[in-house]
Amino acid sequence: METEVLLRLAKSGNEKAKEELFLQYRPLLISRSMIEGRFCEDLFQELSITFLRCIEGFHIKETKLGRK
């Protein structure tokens, strides 16, 4: 599913859409959770929480098609 659609659904409270977005971005979160070549579970957890909070606060501009 398209990222914009998932964001709209997630912002409206759809947990499945939040989960799908998280799974799409999980590899990036994992790659950013490395410290000196080692995976840091605490950093991954913090990044995951921040990612989910950012979904809620993300502002989606209206398009010419009238979508919100």
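One structure accompanies this document, and this report is about it.

### So, the nonpolar core
- Of all hydrophobic cores here, the largest spans 11 residues; its members are Leu6, Leu7, Ala10, Ala17, Leu21, Phe22, Leu29, Phe44, Phe51, Ile55 and Ile60.
- Here this core takes 4 residues from helix 2 (residues 15-31), the largest share from any one element.
- Setting aside residues no more than four positions away along its own chain, phenylalanine 51 makes contact with Leu21, Phe22, Tyr25 and Leu29.

### Structural notes on the side chain of serine 48
- Its place among the elements puts serine 48 in helix 3 (residues 41-57).
- Accessibility expressed as a relative area gives 7% for serine 48, which makes it buried.
- Within polar-contact distance, the side chain of serine 48 engages the backbone oxygen of phenylalanine 44 at 2.8 Å.

### Overview of the pattern of salt bridges
- Within the structure shown, the criterion is met by 3 salt bridges.
- Glutamate 15 is paired through a salt bridge with lysine 18; the nearest N and O atoms lie 3.5 Å apart. One end of the pair is glutamate 15 and the other is lysine 18, both in helix 2 and 3 residues apart, which spans about a single turn.
- For lysine 18, a relative accessible area of 15% corresponds to the buried category.
- Close ionic contact of glutamate 56 with lysine 18 constitutes a salt bridge, the shortest N to O distance being 3.7 Å. Note that glutamate 56 is positioned in helix 3 and lysine 18 in helix 2, a separation of 38 residues in sequence.
- Counted as one network, the salt bridges with shared partners bring together Glu15, Lys18 and Glu56.

Conventions we followed
Residues numbered from 1 in each chain as written. Predicted model: local features only at pLDDT ≥ 70, side-chain atom pairs only at ≥ 80, totals over all residues. Heavy atoms only, no water. Core = buried A, V, L, I, M, F, W, Y, C linked by side-chain atoms within 4.5 Å. Buried < 20%, exposed > 50% of the residue type's maximum accessible area, 1.4 Å probe, protein only. Helix = DSSP H or I, 4+ residues; strand = E, 2+ residues; numbered from the N terminus. Contact = heavy atoms within 4.5 Å. Polar contact = N/O pair within 3.5 Å; in protein donor to acceptor, adjacent residues only side chain to side chain. Salt bridge = Lys/Arg side-chain N within 4 Å of Asp/Glu carboxyl O.

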